[in-house]
Structure formats: C-alpha cells, structure tokens
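This is what each chain is made of:
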Amino acid sequence: MEKLLIEGGAPLKGRVKISGAKNAVLPIIAATLLGEEKESVLEEVPGLCDVKTISEIIESVGAKVRYNAENETLTVDATNLIATEAPTDLVRKMRASFLIIGPLLTRYGKAKISLPGGCAIGTRPIDLHLKGFEALGAKIEIGHGFISVTAPNGLVGNRIYLDFPSVGATENILMAAATAKGETYLENPAEEPEIVDLANFLNVMGAKIRGAGTNLIKITGVERLRGENYTIIPDRIEAGTYMLAAAMTKGDVFIENAIREHLKPVIAKLKDAGASLEESINGIRVYASGDLKSVDIKTMPYPGFPTDMQAQFMAMLAISKGKGQVIETVFENRFMHVEELRRMGANITVNERCAEVVGVEKLKASRVKATDLRAGAAMVLAALVADGVTEITALHHIDRGYHNLVEKLISLGAKIKRIEE
Ligand code: UD1
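Just so we're clear, the structure is a prediction, and the values are computed from it rather than from any experiment.

Calculation notes
Residues numbered from 1 in each chain as written. Predicted model: local features only at pLDDT ≥ 70, side-chain atom pairs only at ≥ 80, totals over all residues. Heavy atoms only, no water. Near = heavy atom within 4 Å. Polar contact = N/O pair within 3.5 Å; in protein donor to acceptor, adjacent residues only side chain to side chain. Areas by Shrake-Rupley, 256 points an atom, 1.4 Å probe, with all protein chains shown as cover. Helix = DSSP H or I, 4+ residues; strand = E, 2+ residues; numbered from the N terminus. Salt bridge = Lys/Arg side-chain N within 4 Å of Asp/Glu carboxyl O. Buried < 20%, exposed > 50% of the residue type's maximum accessible area, 1.4 Å probe, protein only. Phe/Tyr/Trp six-rings, centres within 6.5 Å; stacked < 30°, edge-to-face > 60°. Lys NZ or Arg CZ within 6 Å of the ring centre and 35° of its normal. Pairing = 2+ DSSP bridges. Axes fitted to C-alpha atoms, helices over the stretch in contact; angles between N-to-C directions. Contact = heavy atoms within 4.5 Å. Right-handed = clockwise from strand over helix to strand, strands pointing away.

1. Here we look at the site of the ligand
Okay, so step 1: Within the structure, the ligand sits among 18 residues, and Asp127, Leu128, Ser166, Asp308 and Val330 are positioned closest to it.
Okay, so step 2: At a separation of 2.6 Å, an oxygen atom of the ligand approaches a polar backbone atom of Val330.
Okay, so step 3: Surface burial for the ligand is 86%, taken as the share of its 730 Å² of free accessible area covered by protein chains.
Okay, so step 4: Of all elements in the fold, only α5 (127–135) and α6 (167–178) reach the threshold of two or more residues within the shell around the ligand.

In structure tokens, the structure reads:
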C-alpha cells in the first residue's frame, strides 16, 4: 500500500502549472466516440487514473486510443466501433463512465452499461440523464444492475427541462442531441466551464450548439460529426486547491493557467479570508502573511461556490481565526473528510448538510485517509500546515484528479514523499 508522508510547516513558494481539467477531459473523451471520420487529437490531457479508465472504456467499444504522456496528447480514432456495451469492471470504477451512453445512443441507436460507480458522495442517481434520453425518443430498460437505452429509429430533438442543473446529465444530453433529428432546447442545464468546453469541442467536430454556459442551450442536430483537434481548459479545482495551499502555508505561489472567470467564488472567499491575490492574464498569484479569518461557504451549481472545493475550504477553516459555516447543497453526503480532519485536531460539528468549523491554533499530524478525491486534497492541505508528519492513505482517490501532485508540491518547497509501505 502506498502512502503520502507530509511534514507540515513549510511555506509554499514559486510557480505551479495547472493541468487540463479532469471534468472537461472525461466528457470530451466520451465525445470523441462521435467522430465518424478522422481521428481526434486532444491536447493538455492530464495523465490521471480517471483518464486511463475512460480511455479503456472507449477502447472496449472499439476506439483506438494512444496517450503520449510527454506532450500530454491523447489521440482517438473512433471511426470503426465494434460494440455498444462497456465492461462492468471498468464502468464500476468511475461514475463518468455513464457519459458514453449519449454518444453511443445517438450514433448506433443503442447502448448498455452497468450502473456507474465513482466517489461515494451521496446516492448520485441518474434519473435526469434518463429523462433526457427519453425526451429524445429513447426507450430505457433497467434490470440486474444494467441500464439499456435504445432508439432503433434514431433520436428526435425536443424541449427538455432539467429539475436540477446536473453536470453529467447536461453533457450526456448535449452529446445525444448533437446528431438527433431537429432542434433540442435544454432548459436549466448546468453552466459549468466544463459544459462550455464540451460544447466547443462538439462544435469543432461539426455540431451546432448555441448557449452553452447559459441557462438555455439550443442544439440543432446535424447528420454526423468528425474527429478533430482540441485543447482542454485548465482545471479550476486543481487551481483552487493550490491557491488554498499558498494561503494556508503563508506562502507565495503563482498559479499558472488559472482562469479568474472560472474561479470567482473561490477568489472572493479567499480574499474575505485575508489572503492577497493578484490576477493576471496567464494566472493568479496568491500570498498571505498573517493568520486567515473564517468565512462561510455554501456550495451551489456554477457560478456558485463549487462543491469540489468544499472539503479543501473546510481544511482552511480548520486553522482560520473564528467560526465558519459550510453548507453543502449539491451532494447529500459529502462530509466524510470531517472525521479525518478531526483526527488532526480540527473542531468541526455537523448537523445534516451544515458543518460549523471553529478554527484551532494548530492542527497536529496524524494517520488519515483520503475518503474521496477532494477529501484527499483536503487532507493534503491540512497536512501541509500541521505540526509533525502526517500519513495519508487511500491515494487512489487522489490519483483520480491531481496530476503530478507530489512533484508539483515538492517544486513549491513542500516536504512530501510518496512511499510504499
Ligand atoms: C460532476 C463532476 C463532479 C462534481 C459535480 C457537481 C465530473 C466528471 N464530475 O459530477 O466532480 O462534484 O459535477 O459539480 O464532471 N443528480 C440527480 N439525478 C441525476 C444526476 C444528478 O439527482 O440524474 C444529483 C446528484 O445526485 C447530485 C447533484 O445532482 O446530488 C449533482 O450531480 P451532477 O451535477 O450530475 O454531478 P456529476 O455530473 O456526477
């Protein structure tokens, strides 16, 4: 078993380059399945475990995938696919595997998949994805842990209202509607930058999608799409995590590639907490000297405060002066990091979806687990400021979303190593 050993106390200083966004690249890799002619070449593709998993999933239906780790380029040839069903063991690894349904359904009129896995943060149903497929004319059958979606006569555009702006459902519907007959209007879709990135890629492939990033998306179905070249946007959650690392360690870090428009709530809350930020065209500098102050946060769909930064902010509040409130509205069970932070001496009380964090003078090193991806990031942040050497296990969660974490932190002066037990 591998673990991270982190000795707290070193202020992080220097420059860190943010990788391509995990949550943009996963749907975009799924969308390459729509390329009936030519291969797609994706750039800024981070070498993450989730990227490997989705690559294996699209390979299992016949796509030819090559990853060049040196220049972070992924090439997909999906011109000749051989199957519309993905193997259960791969699908169970990652919830985003459900994203291959939209492209397979619209291209072949059918797709079958086992119920998807992923981080254990709430029940995470897929009813909105299915509602979208049904509205486009598909038939859904569920049984024995599988979901089968069929549309033998093809999909037809429709008006679809999402009860909640689900990121995954919006992406699946965008892909399915891209080659449906006629027009689809998607009301109350997710507005995340990753949705815009997917729509931009689909448009480069020949789709006609307007309004991605707003609360109404219009998709005019086209006959077919072709593979194309595309560069993935930088990861706003990775950027946000390093911003907090800089502020918490009283360091000074330039976060290269961080896009300010994607990070407005994180920037605002960090400023409220007393960190200094300088925003420029190619990144954001974050520095802090004095103690941080507590702030309140409430997670919301974009452009609200991102749920994927909630755990990391809780780690920051654990050492900030005063009392801060954290309300999680997106997922119903996303406080698993609380128990781990408490092991390090954090003072946190939870009442349903609301946590109250009273800042302590110092966290103390302990043995903790990465209970999910962002919870793992929170443990790393806490360890960077704790007294002593913290051990973090269950690193497979962190590997899903942080490219070269150890190397990047070492380059900023952190005392961190990854060892085999
Ligand atoms: C995506 C992100 C994840 C992020 C989340 C919210 C990827 C690969 N993952 O996940 O990192 O935390 O957005 O920003 O992009 N829901 C339903 N029915 C559905 C679908 C979702 O009720 O059919 C609920 C979920 O249970 C959850 C909420 O909607 O409570 C948000 O889910 P969703 O936006 O779909 O998140 P994901 O796409 O799974």
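Following the structure, the description resumes.
2. Some remarks on the pattern of salt bridges
Okay, so step 1: Evaluated as defined, the whole model comprises 30 salt bridges.
Okay, so step 2: Notably, a salt bridge pairs Lys3 with Glu421, separated by 2.6 Å at the nearest N-O pair. Highlighted residues: Lys3 in strand β1 (residues 2–7) and Glu421 in the segment after β25 (415–420), separated in sequence by 418 residues.
Okay, so step 3: Linking Glu261 and Arg260 is a salt bridge whose minimum nitrogen-to-oxygen distance equals 3.2 Å.
Okay, so step 4: In this structure Arg260 comes out as partly exposed when scored by relative accessible area, which is 35%.
Okay, so step 5: Bridged by salt links that share partners, the residues Lys3, Arg367, Glu391 and Glu421 form one connected network.

3. Topic: helix α1 (residues 22–31)
For an α-helix, 3.6 residues make a turn, and residues three or four places apart therefore share a direction.
Okay, so step 1: With nine of ten residues buried, α1 is to be regarded as a mostly interior element.
Okay, so step 2: Listing the buried residues of α1 in full gives Lys22, Ala24, Val25, Leu26, Pro27, Ile28, Ile29, Ala30 and Ala31.

4. A look at the packing of aromatic side chains
Okay, so step 1: Using the criterion set out here, one finds two aromatic pairs in the structure.
Okay, so step 2: Between Phe201 and Tyr230 the ring centres are 5.5 Å apart and the planes differ by 55 degrees, which places this aromatic pair in the tilted class. In this pair, Phe201 is assigned in helix α7 (residues 193–204) and Tyr230 in strand β15 (residues 229–231), connecting sequence segments 29 residues apart.
Okay, so step 3: By relative accessible area, Phe201 is classed as buried at 0%.
Okay, so step 4: Judged by relative accessible area, Tyr230 falls into the buried class, the value being 12%.
Okay, so step 5: A centroid spacing of 4.9 Å and a plane angle of 90 degrees characterise the contact between Phe305 and Phe313, whose relative ring orientation is edge-to-face. For the residue pair Phe305 and Phe313, the accessibility class agrees, reading buried in each case.
Okay, so step 6: A cation over a ring is seen here: Lys112 above Phe146, with NZ or CZ 4.9 Å from the ring centre.

5. Observations regarding the sheet that holds strand β12 (residues 208–210)
Okay, so step 1: Strand order in the open sheet made by the four strands is β10-β11-β13-β12, with mixed pairing throughout. Two strands close off the open sheet at either side, each with one partner strand: β10 (159–161) and β12. The sheet shows a mean angle of 15 degrees between the axes of neighbouring strands, direction not considered.
Okay, so step 2: Where β10 lies against strand β11 (residues 183–187), three bridges are found, and the strand directions are parallel. Paired with Arg159 across the strands is Tyr185, a residue of β11.
Okay, so step 3: Contacts between α7 and the sheet are confined to β12 and β13 (216–220), with β12 contributing the most and set at about 150 degrees to the helix.

6. As for the pairing of strand β24 (residues 389–393)
Okay, so step 1: Most of β24 is tucked away: four of the five residues are buried.
Okay, so step 2: The pairing of strand β23 (residues 367–369) with β24 spans three bridges and is parallel. Bridge pairing in β24 links Val368 to Ile392.
Okay, so step 3: Tracing the backbone out of β23, into helix α12 (residues 373–385) and back to the parallel element β24 gives a crossover that is right-handed.

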